[in-house]
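Notes for the structure review
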Amino acid sequence: MISPQQVEEMIKAELPDAQIQVQDLTGGGDHYQVTVVSSHFAGKGLVQQHQLVYGALGQAMSTEAIHALAVKTYTPEAWQGTAAS
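Below: a short report on this structure. Please read all numbers here as calculations on a predicted model, not as lab measurements. (Residues numbered from 1 in each chain as written. Predicted model: local features only at pLDDT ≥ 70, side-chain atom pairs only at ≥ 80, totals over all residues. Heavy atoms only, no water.)

What follows covers the packing of aromatic side chains. Evaluated as defined, the whole model comprises 1 aromatic pair. Taken together, a centroid distance of 5.1 Å and an interplanar angle of 65° make the contact between tyrosine 74 and tryptophan 79 edge-to-face. (Phe/Tyr/Trp six-rings, centres within 6.5 Å; stacked < 30°, edge-to-face > 60°.)

See the structure below:
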């Protein structure tokens, strides 16, 4: 089991400028949804953006501390666009 705070800290270690929202989908501490906003995503495709997040959580994923992960990624500009919608 891994806490939402630990998930956030692991992502922040790789993407220091990231704004992160972590949601425990089942209450069991192993199924999460993360929304990550970072300038590191600029110029990268969606798969590359998600790979950055999965890379940050690699150890937790490989040990199955996180069993399932839903990822939403945005550049700061794209995130502002969602707020305007």
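Glancing now at the environment of lysine 44. The topology assignment puts lysine 44 in the loop between strand E2 (31-37) and helix H2 (46-56). Considered as a pair, lysine 44 and threonine 75 are 31 residues apart in the sequence and their alpha carbons are 9.5 Å apart. Looking at lysine 44, its side chain comes within polar contact range of the main-chain oxygen of histidine 40, at 3.4 Å. (Helix = DSSP H or I, 4+ residues; strand = E, 2+ residues; numbered from the N terminus. Polar contact = N/O pair within 3.5 Å; in protein donor to acceptor, adjacent residues only side chain to side chain.)

On to the environment of valine 22. Looking at the element boundaries, valine 22 is found in strand E1 (residues 19-24). For the pair valine 22 and threonine 75, spaced 53 residues apart in sequence, the C-alpha separation works out to 17 Å. Once residues lying within four places of it in the same chain are set aside, the contact partners of valine 22 are Pro4, Val7, Glu8, Tyr32, Gln33 and Val34. (Contact = heavy atoms within 4.5 Å.)

Attention shifts here to the side chain of threonine 73. Here threonine 73 shows up in strand E3 (residues 68-74). There is a polar contact of 2.6 Å between the side chain of threonine 73 and the side chain of glutamine 49. A polar side-chain atom of threonine 73 sits 3.5 Å from a polar atom in the side chain of histidine 50.

All right, on to the nonpolar core then. Taken as a class, soluble globular proteins show a tendency for nonpolar side chains to be buried jointly. Grouped together as the largest cluster of nonpolar side chains are 18 residues, with contacts concentrated most on Val7, Ile11, Val34, Val36, Val53 and Ile66. For this core, the secondary structure elements donating two or more residues are helix H1 (4-14), E2, H2 and E3. In terms of residue count, the dominant contributor to this core is E2 (3 residues). Excluding residues that lie within four positions of it along the chain, valine 36 makes contacts with Ile11, Leu15, Ala18, Gln19, Ile20, Phe41, Val53, Lys72, Thr73 and Tyr74. (Core = buried A, V, L, I, M, F, W, Y, C linked by side-chain atoms within 4.5 Å. Buried < 20%, exposed > 50% of the residue type's maximum accessible area, 1.4 Å probe, protein only.)

Taken as a whole, H2 has its buried residues at Gln49, Val53 and Ala56. Down the axis of H2, the buried set is contained in an arc of 60°. They therefore lie on one face. For H2, the exposed residues set more than 90 degrees away from the buried face come down to Val47, Gln51 and Gly55. The secondary structure elements touched by the buried residues of H2 are H1, E2, helix H3 (58-62) and E3. (Arc of directions from axis to C-beta.)

The 3 strands lie next to each other as E1-E2-E3, forming an open sheet whose pairing is mixed. Of all strands in the sheet, those with a lone pairing partner are E1 and E3, marking the two edges. Across this sheet, the average inter-strand angle for adjacent strands is 15°, counted without regard to direction. Here H1 sits on the sheet in contact with E1 and E2, set at roughly 150° to E1. In the packing of H2 onto the sheet, contacts are made with E2 and E3, and the angle to E3 comes to roughly 125°. (Pairing = 2+ DSSP bridges. Axes fitted to C-alpha atoms, helices over the stretch in contact; angles between N-to-C directions.)

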